[in-house]
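Examining the three-dimensional arrangement
What follows is the residue order along each chain.
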Amino acid sequence: MRVQEPALEPGWNEVLDASGKPRPAYQAILHGFHRRADVRDLEERLEVTLRELGVTFELPAPDRRNSWFCDLLPQVFQEEEWQLVVRAFQQRVRAFECLLQDLYGKREILAEGVLPVPLVLGSPQYQRSAVEFPPTRGCFLHLSGLCLTRDPGGQLMVKNHYFSHPSGLSYMIQDRRLLARVLPEIFAGHAIASIADVPTKILMQLRAAARGSDPTAVLLTPGTFSAVYSEHSFLARRMGIPLVQGNDLAALNDKLFLRTVSGLERVDVIYSRLADPWLDPLVFRKDSRIGVAGLTQCLRRGHVAMVNPIGTQLADDRSLLHFSNVIIRYYLGEWPVLPTLPTYWLGDLDQREMVLDKLDGFQIRTLVGERVLPTNQPDVNLTEIRRLPHLFVAQPIHDSVETVCFVEGKRVRRNQDFLVYGLRNGAGFEVFDGALTRISATERGRTETEHGGGGKDTWVVREDGREAEAIQVASRRTSAPAGRRVTSRVAEAFYWMGRYLERAQHVAKIILTIETVEMEELTSAERKLYRPVWNRLLPPLEGSGRRGRRTIGNVKERYRVMLEKRSTGSVNAMVRISLANADGVREVISPEAWSALAALRGHFQRNRWRELTTEAEARKITRRLAEAVNALVPQFFNTAEQSMLADDGWRFCELGQHVERAGVSANATTGLVRSLADNLAPGQAREIELSAFLRLMSSRDAYRRIYQTRSEPALILEMIWQNRDMPRSVAYCLERCAQLVGAALPQSSQPAQYTLDFIDRLIHAVRRVDWYRFFVEKDSSFIEVQAPHRQELVDLIHDLLVQVQELHSVVTDNLLTHQNVVVEPQPKLF
């Protein structure tokens, strides 16, 4: 086979012409930036806003850091050129849809020798289980992407296919949101096509792909370790569908079910973001822990639909790029609207030898994914290529164009390419009026996000200001609220979020109160009377050991409790666990509530534990972090209540919060009762201790309003345990837990009924206690514990505390893990 050498060389700049002057589409925009003196401030605001919105792309290990960034200067497409992009996209999708139908059917293109048989049947992306497999609604391609670049003359070229699992849709939308927030005036005077309804269009197509009048759709993700998990969560949130992992689903009787806290619920359509080999361990990779056993059989029987179906990934095989012109002519009888970037399949001997003779002029890429063989290891590359040549292709080193970006207020040059996306609309394909313009992080860097690239907002400028025609899909009336579809995994993550955020706030509140009291109200002698109270109010820790013991009697100890990362009882550890669980349910947390969590994470990322910190610096850092926790945790809960759906997921967050608060209040009274029983602080010291207890429990004002008298232990115990109007009382928290369980689950279900019965018995046990009988009445006060009843009081408090702490086990066993009998339970990190 005669092989042509690549002709693509660098030379095209998207923003500047050959003389260095702005092209017409960018003249007004660059002139506006030239007149501004705050460009660097705008960059910083863009970065802060990006972090608040939770837009991330985490690089693979060992780097494992968020690399996503957005540039201030948008990419502009005029309508005439964009229509060329649309035609090219639609042509390619039609041709490759025909190819997939043929290759998984009669294979006529192979029988006629148009494509080499080893190219297709030897491809790792060819799925034999998809042969004669009924694709979704008779089509393989439903949601697809296409990567474009330019030749030195500015002619658009197809660089790569992303037909099966197009990534970057959310980044395209988020770049527009970021620029609109930070620099809204830049949009004035431009008729820019909207991309805000892209998730809705995808949702409508998902529903159209399923059978039935009220289908349930889910988005299947590999999990939080995926580099683009933030994209999966964004799309799921904007579409209003559950974001699920493999262990959230169960295949029973050739049907697929979602495991929710209310029981198993039928799933009708899957938007899959998993590569084919990981989907079903019974058919593909047997070591897959992120797929669903039996899913392939559900698909084959037609009981569930999937976008895009199994086998679609073959269309993304880079070896087919070399034959793309032939494929288009064979199936459509048309010439390609856009040429293809020169691509050579190394499984062909002639192409391989041509590439190896001039290896320094090519980049060697895998068939799918973004791996590029390093250019500084030619000997290693040659060995790998000659061993498995059919797994590699070669493309020109210069496969992108130059653009202008802003870095630290200065104009710099970067590389870029474009990802365009489209969605099936009946028999045709609608191309979204925007793109993900990928830019490199350095002047000669790569544009792919896996190599540290970022993005630009992409404008499609309409000459007459019109919008694109909306996708036509008939709406259906739903019979059940989709918001109740909360998986057990999401409920569990929310539960632990509520517990650890409440615990972190309680400890931070104690530390902040201590700092305030010691600095503003107490003499050095009085501080000694208060300090025995401090440690007894710290919440109990799971487990034991040296690191479980904590004291907060001085500045350095409070600094350690606030920041030491290794200590399970530190506020830092509590916040990290809370945020790790929040990361796993990002799709159901509103952006407004997420901003509070992002700010909380930022505070602890900027402050690290240092052993040799001075006392003055330790006090300053501790107080600053305690104030942040006490401000941001309530902000999260309040904002979430106003901006999030009050569904089963959020109920479990509140449930965790109140289970934790009940345990904290019950535990705090045990320390107080032991002190009272031992008569450790007689006289004035007892009054100081009781007052300190109330203040540290954030209950001093409530106590005064209820009793209007000085601090007395009998009254304090009555309020902390039995008052139904005081938010920190055990009775209040237990009653709230019962309300949340009753609202989240049908009371007829056995797990819900068992949990409600346990809470009811516990509430009854708390209410029937007569605290006054344990104390001696003197001068109308109940201060001293009666000697015969001291041990009885200690035992009673201990027994009640054990029952309150047992509530956690009842909740987790009956409401969160009760469905693990369906499949083998997975180990949980938290």
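Higher on the page you've got the structure.
Our subject in this report is the structure included herewith. What you see is a predicted model, and the numbers here were worked out from it, not measured in a lab.

1. Let's talk about the overall build of the protein chain
- Along the backbone of the protein chain there are 25 helices and 20 strands.
- Expressed as a percentage of its 830 residues, the buried residues of the protein chain come to 57%.
- Taking the contacts inside the protein chain whose residues are at least 6 apart along the sequence as the reference set, 72% of them involve residues at least 24 apart.
- Accessible area of the protein chain: about 34400 Å², with a carbon and sulfur share of 50%.

2. A word on the nonpolar core
- Counting residues in each nonpolar core, the largest one holds 111 residues, and the members touching the most others are F494, M497, I589, F636, L655 and W721.
- If near-sequence neighbours (up to four positions away) are discounted, L655 is found in contact with Y495, C737, L740, V741, V811 and L815.
- Formed by 64 residues, the second largest nonpolar core is a distinct cluster that contains L119, Y126, L295 and V460.

3. Quick word on the environment of C98
- Here C98 shows up in helix α3 (residues 79–103).
- Through-space distance from the C-alpha of C98 to that of L141 is 9.9 Å; in sequence the pair is 43 residues apart.

4. Here we look at the sheet that holds strand β12 (residues 362–366)
- Spatial strand order, β11-β13-β12: 3 strands in an open sheet with antiparallel pairing. In the strand order of this sheet, the two ends are held by β11 (344–345) and β12, each with one partner.
- Bridge count between β11 and strand β13 (residues 392–396): 2 bridges; the pairing is antiparallel. Counted as the bridge partner of Y344 is A394 from β13.

5. With respect to the layout of surface pockets
- In this structure, the second largest pocket spans a volume of roughly 1100 Å³.
- For the second largest pocket, the lining is made up of 38 residues, of which H165, S167, G369, E370 and E450 are closest to its centre.
- Of all the elements in the fold, those that place two or more residues in the lining of the second largest pocket are β3 (156–162) and β16 (428–439).
- When residues of the lining of the second largest pocket are assigned to their parent elements, the largest contribution, 3 residues, is made by β3.
- Per-class residue counts for the lining of the second largest pocket are 18 nonpolar, 12 polar and 8 charged.

6. Quick look at the state of the cysteines
- This structure, assessed with the given rule, holds 0 disulfides.
- C139 takes part in no disulfide bond, and the closest cysteine sulfur to it belongs to C98, at a distance of 9.8 Å.

7. As for the pattern of salt bridges
- Applying the stated criterion to the full structure yields 44 salt bridges.
- Ionic pairing is found between E97 and R424, a salt bridge with its closest N-O pair at 3.6 Å. One end of the pair, E97, is in helix α3; the other, R424, is in strand β15 (residues 410–425), with 327 residues separating them in the sequence. This pair shows no difference in class: E97 is buried, exactly as R424 is.
- Within the structure, one salt-bridge network assembled from shared partners comprises K159, R318, R365, E370, D399, D417, R438, R446 and E448.

8. Focus: the packing of helix α11 (residues 349–357) against helix α12 (residues 378–387)
- The contact between α11 and α12 brings their axes to 12 Å, and the two run at 175°. Compared by their axis directions, α11 and α12 come out roughly antiparallel. Contacts between α11 and α12 involve R352, E353 and L356 from the former and L382, I385 and R386 from the latter.
- Its residues assigned to classes, the contact of α11 with α12 shows 3 nonpolar, no polar and 3 charged.

9. Remarks on the packing of aromatic side chains
- Going through the model one piece at a time under the given rule, you end up with 20 aromatic pairs.
- Each ring, one from W68 and one from Y171, has its centre 4.5 Å from the other, and the planes form 40°; the classification is tilted. Placement of the pair is W68 in the loop between α2 (39–52) and β1 (75–78) and Y171 in helix α6 (residues 169–182), with a sequence separation of 103 residues. The exposure classification of W68 matches that of Y171, with both residues buried.
- Their ring planes at 90° and their centres at 5.8 Å tell us that Y344 and F362 sit as a pair that is edge-to-face. Residue Y344 is located in strand β11, and its partner F362 is located in strand β12; the two are separated by 18 residues in the primary sequence.
- By relative accessible area, which is 5% here, Y344 ends up buried.
- Relative accessible area serves as the criterion here: at 5%, F362 is assigned to the buried category.

10. Notes on unusual backbone geometry
- Omega for the peptide link from V307 to N308 comes to -10°, which places this bond in the cis form.
- By secondary structure assignment, the location of N308 is in the loop between β10 (305–307) and α10 (324–332).
- For R107, which is not glycine, the phi torsion reads 60° and is therefore positive.
- Within the secondary structure, R107 sits in the loop between α3 and α4 (108–111).

11. Describing the pairing of β16
- Burial within β16 is extensive, with 11 of its 12 residues counted as buried.
- Across 9 bridges, β15 lies against β16 in antiparallel orientation. Of the residues in β16, the one forming a bridge with R424 is F429.
- In sequence, β15 turns back onto β16 through a hairpin of 2 residues, with G426 there showing a positive phi of about 70°.
- When β16 meets strand β17 (residues 454–456), the two strands line up antiparallel, connected through 3 bridges. Looking at the pairing, R438 lines up with G455 of β17.

12. Things to note about empty space enclosed by the protein
- A complete count under the given rule lists 2 cavities of 30 Å³ or more for this structure.
- By volume, the largest cavity is sized at about 120 Å³.
- Lining the largest cavity are 15 residues, and of these L53, G54, Q174, R237 and R586 sit closest to its centre.
- For the lining of the largest cavity, the secondary structure elements donating two or more residues are α6, α8 (229–239) and α17 (591–606).
- Among the residues forming the lining of the largest cavity, the class breakdown is 7 nonpolar, 5 polar and 3 charged.
- In this structure, the second largest cavity encloses a volume near 30 Å³.
- P118, L119, G122, S123, D317, S319, W345, L367 and H390 together form the lining of the second largest cavity.
- Tallied by class, residues from the lining of the second largest cavity come to 4 nonpolar, 4 polar and 1 charged.

Reading guide: rules and limits
- Residues numbered from 1 in each chain as written.
- Predicted model: local features only at pLDDT ≥ 70, side-chain atom pairs only at ≥ 80, totals over all residues.
- Heavy atoms only, no water.
- Helix = DSSP H or I, 4+ residues; strand = E, 2+ residues; numbered from the N terminus.
- Buried < 20%, exposed > 50% of the residue type's maximum accessible area, 1.4 Å probe, protein only.
- Contact = heavy atoms within 4.5 Å.
- Areas by Shrake-Rupley, 256 points an atom, 1.4 Å probe, with all protein chains shown as cover.
- Core = buried A, V, L, I, M, F, W, Y, C linked by side-chain atoms within 4.5 Å.
- Pairing = 2+ DSSP bridges.
- 1 Å grid on protein atoms, 1.4 Å probe; cavity = no way out; pocket = protein on both sides within 12 Å on 5 of 7 lines; lining within 4 Å.
- Points joined across faces, edges and corners; volume = space filled by probe spheres on them.
- Nonpolar A, V, L, I, M, F, W, Y, C, P; charged D, E, K, R; others polar.
- Disulfide = S-S within 2.5 Å.
- Salt bridge = Lys/Arg side-chain N within 4 Å of Asp/Glu carboxyl O.
- Axes fitted to C-alpha atoms, helices over the stretch in contact; angles between N-to-C directions.
- Parallel < 35°, antiparallel > 145°, perpendicular 65-115°, else oblique.
- Phe/Tyr/Trp six-rings, centres within 6.5 Å; stacked < 30°, edge-to-face > 60°.

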